[in-house]
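# A structural walkthrough
These are the residues of each chain, in order.
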Amino acid sequence: MSNFFSENFSKLPNSKTSIFAIMSGLANKENALNLSQGFPDFKSDYHLIELVNRAMLNGYNQYAPMPGVYGLREAIAEKFEKLYQEKYNPETEITITAGGTQAIFTAITATVKKGDEVIIFKPAYDCYEPTVELVGGKPIAIQLDPESFKINWEEVKSLINSKTRMVIINSPHNPSGKVLSKEDMQQLEKILKNTNILLISDEVYEHIIFDSQKHESACLYPGLKERTFIIASFGKTFHNTGWKMGYCAAPAYLTTEFRKVHQFNVFSVHHPTQVALATYITNEQNYLNLGNFYQQKRDFFLNLMKESRFKFIPSKGTYFQLLNFSDITNENDFDFAKRLTIENKIATIPISVFNEQNLDTKVLRVCFAKTEETLQKAAEILCKI
Ligand code: GLN
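First, a word on scope: everything that follows refers to the structure included in this document. Since the model is a prediction, treat every value here as computed from it, not as a measurement.

### Here we look at the sheet that holds strand E2 (residues 94-97)
- Ordered by their spatial adjacency, seven strands build an open sheet running E2-E8-E7-E6-E5-E3-E4, and the pairing between neighbours is mixed. Pairing within the sheet leaves two strands with one partner each, and these edge strands are E2 and strand E4 (138-143). Taking each pair of neighbouring strands and ignoring which way they run, the sheet shows an average axis angle of 20 degrees.
- With four bridges joining them, E2 and strand E8 (residues 246-249) adopt antiparallel strand pairing. When the bridges of E8 are listed, Thr95 appears paired with Cys248.
- Where helix H10 (residues 252-265) meets the sheet, it contacts E2, strand E6 (198-202), strand E7 (228-233) and E8, and its direction lies at approximately 30 degrees from that of E2.

### Some details on the nonpolar core
- In terms of nonpolar packing, the biggest core is built from 84 residues, with Phe121, Phe229 and Phe310 touching the most fellow members.
- Looking at which element gives the most residues to this core, the answer is helix H13 (residues 290-305), with five residues.
- With residues up to four places along the chain from it excluded, the contact list for Phe229 reads Ala107, Thr111, Met166, Leu198, Leu199, Ile200, Ser201, Cys248, Ala249, Ala250, Leu254 and Phe258.
- Val69, Ile230, Ala232 and Val269 belong to the second-largest nonpolar core, a separate cluster that totals 32 residues.

### As for the packing of aromatic side chains
- Counted by the stated rule, this structure contains 21 aromatic pairs.
- Centre to centre, the rings of Phe80 and Tyr84 are 6.2 Å apart; their planes meet at 45 degrees, and the pair counts as tilted. One end of the pair, Phe80, and the other, Tyr84, are both in helix H3 (residues 70-84), four residues apart, so they sit about a helical turn from each other. An identical accessibility class is assigned to Phe80 and Tyr84; each is buried.
- With centroids separated by 5.0 Å and ring planes inclined at 85 degrees, the aromatic side chains of Phe238 and Tyr280 adopt a geometry described as edge-to-face. Note that Phe238 is positioned in helix H9 (residues 234-238) and Tyr280 in helix H11 (residues 271-280), a separation of 42 residues in sequence.
- With a relative accessible area of 4%, Phe238 lands in the buried category.
- Look at Tyr280 and you get buried, because its relative accessible area is 6%.

### Structural notes on the site of the ligand
- For the ligand, the full set of nearby residues is Phe20, Gln37, Gly38, Tyr125, Asn174, Tyr205, Lys236, Phe320 and Arg365.
- The backbone of Gly38 places a nitrogen or oxygen atom 2.7 Å from an oxygen atom of the ligand.
- Compared with its free state, where it exposes 290 Å², the ligand has 81% of that area covered by protein.

### What about the environment of Ala337?
- Along the polypeptide, Ala337 turns up in helix H14 (residues 333-344).
- Taking the relative accessible area as the measure of exposure, Ala337 reaches 0% and is therefore buried.
- Ala337 sits 276 residues away from Asn61 along the chain, and the two C-alpha atoms are 42 Å apart.
- When near neighbours in sequence (up to four residues on either side) are disregarded, Ala337 contacts Met23, Ile346, Thr348, Pro350 and Leu364.

### Observations concerning the environment of Ser315
- By the element assignment, Ser315 lies in the loop between H13 and strand E9 (320-324).
- Assessed through its relative accessible area of 1%, Ser315 is described here as buried.
- Separated by 105 residues in the primary sequence, Ser315 and Phe210 have C-alpha atoms spaced 8.1 Å apart.
- Look past the residues within four positions of Ser315 in its chain and what remains in contact with it is Gly177, Phe210, Arg298, Phe320, Gln321 and Phe368.
- For Ser315, the side chain forms a polar contact with the main-chain oxygen of Gly317, separated by 2.8 Å.

### Overview of the state of the cysteines
- Overall, the coordinates contain zero disulfides when judged by the stated rule.
- Sulfur of Cys127: no disulfide; nearest cysteine sulfur belongs to Cys248 and is 13 Å away.
- What makes Cys127 buried here is its relative accessible area of 12%.
- Here Cys248 stays free of any disulfide, with the sulfur of Cys219 as its closest cysteine sulfur at 13 Å.

The rules we used
- Residues numbered from 1 in each chain as written.
- Predicted model: local features only at pLDDT ≥ 70, side-chain atom pairs only at ≥ 80, totals over all residues.
- Heavy atoms only, no water.
- Pairing = 2+ DSSP bridges.
- Helix = DSSP H or I, 4+ residues; strand = E, 2+ residues; numbered from the N terminus.
- Axes fitted to C-alpha atoms, helices over the stretch in contact; angles between N-to-C directions.
- Contact = heavy atoms within 4.5 Å.
- Core = buried A, V, L, I, M, F, W, Y, C linked by side-chain atoms within 4.5 Å.
- Buried < 20%, exposed > 50% of the residue type's maximum accessible area, 1.4 Å probe, protein only.
- Phe/Tyr/Trp six-rings, centres within 6.5 Å; stacked < 30°, edge-to-face > 60°.
- Near = heavy atom within 4 Å.
- Polar contact = N/O pair within 3.5 Å; in protein donor to acceptor, adjacent residues only side chain to side chain.
- Areas by Shrake-Rupley, 256 points an atom, 1.4 Å probe, with all protein chains shown as cover.
- Disulfide = S-S within 2.5 Å.

Nothing here speaks to function; it is all geometry.
Put into structure tokens, the structure is as follows:
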């Protein structure tokens, strides 16, 4: 829509409605099976729901403390210690957020200034780039190979200059399911050494990792930990994405800046859920089996998909699987995804929206965080295409 203020009114002239809103909206309208936006179609643990209810009945219904309920921050610090033998101070280094996306937005807006460069690997989750642009920063995109999704660290090194302010990594990686190795993390650590470049490590799928691989959290690398905002999501781990709960762990000097923004964009987040999670996450059984749980779903789905004309390499982590359709049609991925939703009643995500210049590699992303019944129905539809 034109606007009388000026032609350049928009701060994000290149941004459109998020693909997740578009595809889930279309899936609802078309009454299609929704394997597009990443969310489970099964219930979160009843015990956790009960804990939230109880917290509400017990009166935790006013503002939580700005950085989050202290008991939850403490429990998160204990989890870091148990899993990675790394210390985060709950008072000064952990902040509870309204999901991963808010934490990413806050970390970027708190630290990236006009003209600063931020290195982003494509395909990338859709919020990184617009957030950098919103604060006047310059996204420097590196398009990864569409099959291996391997990062060429020499290329990264060659792009670093005095304007580079931040690098954003995401492992396990949405949408490819690729997992960064110890060698990757060591290379990055070496490149960032003796620079003042910050790191966002988007680790929202940290527990959804397959085939006996180990999650290489940035906190395990001292040269990274000292400059990193680690972003985590309870929604991904406990099957309740609609609760929009996550956290950010970062050294005190970064957390101070993070909270300066956090207090003005949300102030604090849903209080009763924080009280409930403080109890719930102390039981590690509630997250340590997640890898096996989702690996079974991946294998169940891919086993059925063997009969299809889609080509795929099994995902190594996250609850997403990429499907290459180049043997099926020449259509671009967005048109194909739309057509599948309308005609075949199955919604997916065209991954060109995550790529540099919307590079179309003839690949769709499906979410397998679904019941076996849903996965069976989905595979039946996809095998007929
Ligand atoms: N992270 C989820 C995905 O990739 C969706 C998040 C959202 O809808 N904003 O599907």
